[in-house]
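Structure assessment
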Amino acid sequence: MKVIIIGAGVAGQTVAETLRRKDKNIEIVMFTDEPHPYYSRIFLPHYIAKERSLEKLYTRKEKWYFENNIDFYSNIEISRIDLNDKLVYPKKSKPFSYDKLVLAVGSSARKLAFGNPDIKGNFALRTIADAQKIQQFVQDNKVKHAFIIGGGLLGIELGFHLKKIVSKVNICEIAPHLLPRQLDDETAKVLQTYLKSQGLELILGQSVSEILGEKQVKGVESQDGVKIEADMVLQQLGIIPNTELAKNSGLETQKGIIVNEFMQSSNSDVYAVGDCVQFGEKIWGIIPASMEQAKQAAAHILNENPEPYKPSVWNTRLKIAGIDLTCIGLSSPEAEEGATLYEYKRHDTYTCRKVLIRNNVLTNAILLGPGADSKYFMKKAGKQVDPKEIDEKVHE
Ligand SMILES: Cc1cc2nc3c(=O)[nH]c(=O)nc-3n(C[C@H](O)[C@H](O)[C@H](O)COP(=O)(O)OP(=O)(O)OC[C@H]3O[C@@H](n4cnc5c(N)ncnc54)[C@H](O)[C@@H]3O)c2cc1C
């Protein structure tokens with residue numbers, strides 16, 4: 001069997017690694033339009049701040065593909081899929097045939113259209129190429145003031161690292177507090193106090209209506225007309241799944257590429273995994289979900305009869321701006337009927353833990369600050385738990 005994987009991010013890479021681990025003979029061909037083997041996007045802000053080299057971004061080197069008998073083509077965009085003849089068309093070369101095709105084409109940064117789309121100094125971070133452009137711009141223009149639009153995980157992380165090379169960084173969030181999808185008001189305030197202690201300047205409950213400057217960014221104007229000077233703008237406003245290739249090839253798409261519980265698209269020989277996917281109404285945009293979907297697709301390709309995919313619990317664990325943060329579930333934990341909230345707070349270390357159990361199932365958790373056993377809580381997410389054990393763990 002010959003499997004073609006389009007995309008070498010975490011989703012495509014996990015499909016390739018899972019297939020190869022379980023089957024030494026399956027023919028695997030991978031394409032990526034980036035000039036790099038698999039790398040983790042998590043460390044792009046560290047790279048911009050020159051805390052991590054390009055080499056150290058790579059999770060796999062080119063030789064890994066050779067050693068694992070995978071045909072790896074970088075810098076090649078697949079521009080068309082012929083579903084009837086089961087062929088993929090690289091932009092400038094002959095087509096490749098497949099038995100099974102995996103679309104792991106990821107997502108793009110959502111960017112707002114403000115005035116001149118080619119204005120210099122207006123960025124969004126998604127790839128190594130973006131990171132290099134941002135780094136170069138800071139250096140060439142001796143940037144002193146960066147303005148980040150979007151107070152989500154990425155905006156905060158990027159702001160924290162930029163602050164090491166730029167003297168002033170604003171993070172602007174339209175919601176009344178940072179991380180509105182993940183945090184309740186109280187935990188967000190603890191995080192905000194911490195971030196201010198790190199020198200970041202937060203603008204909350206405000207949106208940007210205009211980027212100022214004709215050819216090069218001079219600042220931004222807020223919805224209520226306040227002008228703020230800045231040398232560059234970074235828009236970190238979330239993702240848009242890459243659906244164009246799938247859509248143009250006749251596959252069903254909405255917000256993302258529509259898949260079933262085995263990650264098959266509307267054509268049963270074509271799978272989709274990772275940021276490009278829509279399952280039910282949901283798109284994820286995080287690494288754990290990409291990996292779960294990739295393993296599910298690989299298991300189905302190998303005829304392992306996997307259990308139908310259950311939507312991944314939205315969870316993420318990271319060191320955000322130098323402080324540990326784990327979030328499980330998307331809405332902020334609030335005790336309601338039939339639910340119990342376990343809490344622990346310690347202000348001197350910016351610690352705030354909140355874990356919510358509904359009908360003995362752990363549905364939500366926020367663990368901010370040091371010391372929490374986040375691996376334990378991640379493992380318990382969506383499962384039946386012993387409330388006494390949870391209480392002890394929260395207070396550990
Ligand atoms: C700066 C940053 C930090 C992040 N930090 C975290 C974190 O801490 N935790 C977390 O859970 N998530 C984090 N994320 C999100 C995470 O990186 C994504 O969820 C993950 O990368 C999705 O993987 P993917 O393989 O689906 O897509 P991608 O990583 O986007 O990979 C898709 C690849 O396919 C290529 N491609 C697309 N179309 C074609 C084509 N037609 N032909 C050939 N190649 C194509 C793309 O260029 C890309 O290389 C972060 C994201 C960014 C940008």
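Residues numbered from 1 in each chain as written. Predicted model: local features only at pLDDT ≥ 70, side-chain atom pairs only at ≥ 80, totals over all residues.

Right, let's talk about the overall build of the chain for a bit. On a plain count of helices and strands, the chain comes out with 11 helices and 25 strands. Principal axes of the C-alpha set define a box for the chain whose edges measure 60 × 60 × 35 Å. The burial tally for the chain puts 42% of its 396 residues in the buried class. Of all intrachain contacts in the chain linking residues separated by at least 6 positions in sequence, the fraction that spans at least 24 positions is 60%. (Helix = DSSP H or I, 4+ residues; strand = E, 2+ residues; numbered from the N terminus. Buried ≥ 20, exposed ≤ 12 C-beta atoms within 10 Å, placed from the backbone. Contact = placed C-beta atoms within 7 Å.)

Glancing now at the pairing of strand S14 (residues 219-222). Both strand S13 (residues 208-212) and S14 contribute to a ladder of four bridges, which runs antiparallel. Paired with Glu210 across the bridge in S14 is Glu221. The hairpin turn running from S13 into S14, its antiparallel successor, is six residues long, and Gly213 in that turn takes a positive phi close to 115°. Taken together, S14 and the strand that follows it, strand S15 (residues 227-229), pair antiparallel across an intervening segment of four residues, in which Gly225 is found at a positive phi of about 85°. (Pairing = 2+ DSSP bridges.)

In spatial order, the strands read S3-S2-S1-S7-S19; together these five strands make up an open sheet with parallel pairing. Each edge of the open sheet is held by one strand with a lone partner, namely strand S3 (70-73) and strand S19 (270-272). For this sheet, the mean inter-axis angle between neighbouring strands, taken without regard to orientation, is 15°. For strand S1 (residues 2-6) and strand S2 (residues 27-31), the ladder comprises five bridges, and the chain directions are parallel. (Axes fitted to C-alpha atoms, helices over the stretch in contact; angles between N-to-C directions.)

A word on the environment of Leu325. Looking at the element boundaries, Leu325 is found in strand S22 (residues 323-328). Judged by C-beta crowding, with 25 C-beta atoms within 10 Å, Leu325 ranks as buried. When the C-alpha atoms of Leu325 and Ala372 are compared, they prove to be 9.2 Å apart, with 47 residues separating the residues in sequence. With near-sequence residues (within four places) excluded, Leu325 lies in contact with Leu318, Ile320 and Leu368.

So, on to the domain arrangement of the chain. Along its sequence, the chain is organised into domain 1 (2-108 + 239-301), domain 2 (122-235) and domain 3 (315-394). Each of domain 1 and domain 3 was reduced to a C-alpha centroid, and the two centroids are 32 Å apart. (Domains from an automatic or database assignment.)

This part is about unusual backbone geometry. For Lys50, which is not glycine, the phi dihedral falls at a positive 60°. Examined against the element boundaries, Lys50 turns out to sit in the loop between helix H2 (44-48) and helix H3 (54-57). Assessed through the 12 C-beta atoms surrounding it within 10 Å, Lys50 is described here as exposed. In the Ramachandran plot, Met263 falls in the positive-phi region, its phi being about 70° despite a non-glycine side chain. The exposure class assigned to Met263 is buried, which follows from the 30 C-beta atoms found within 10 Å.

With that settled, the discussion passes to helix H5 (residues 128-140). In this model H5 runs 18 Å from its N-terminal to its C-terminal C-alpha over 13 residues, within 8% of the 18 Å that 1.5 Å per residue would give. In this structure, the buried side of H5 is in contact with H2 and strand S9 (122-123). Looking one or two residues past H5, Lys142 carries a phi angle of roughly 45°, positive in sign. (Expected span 1.5 Å × (residues − 1).)

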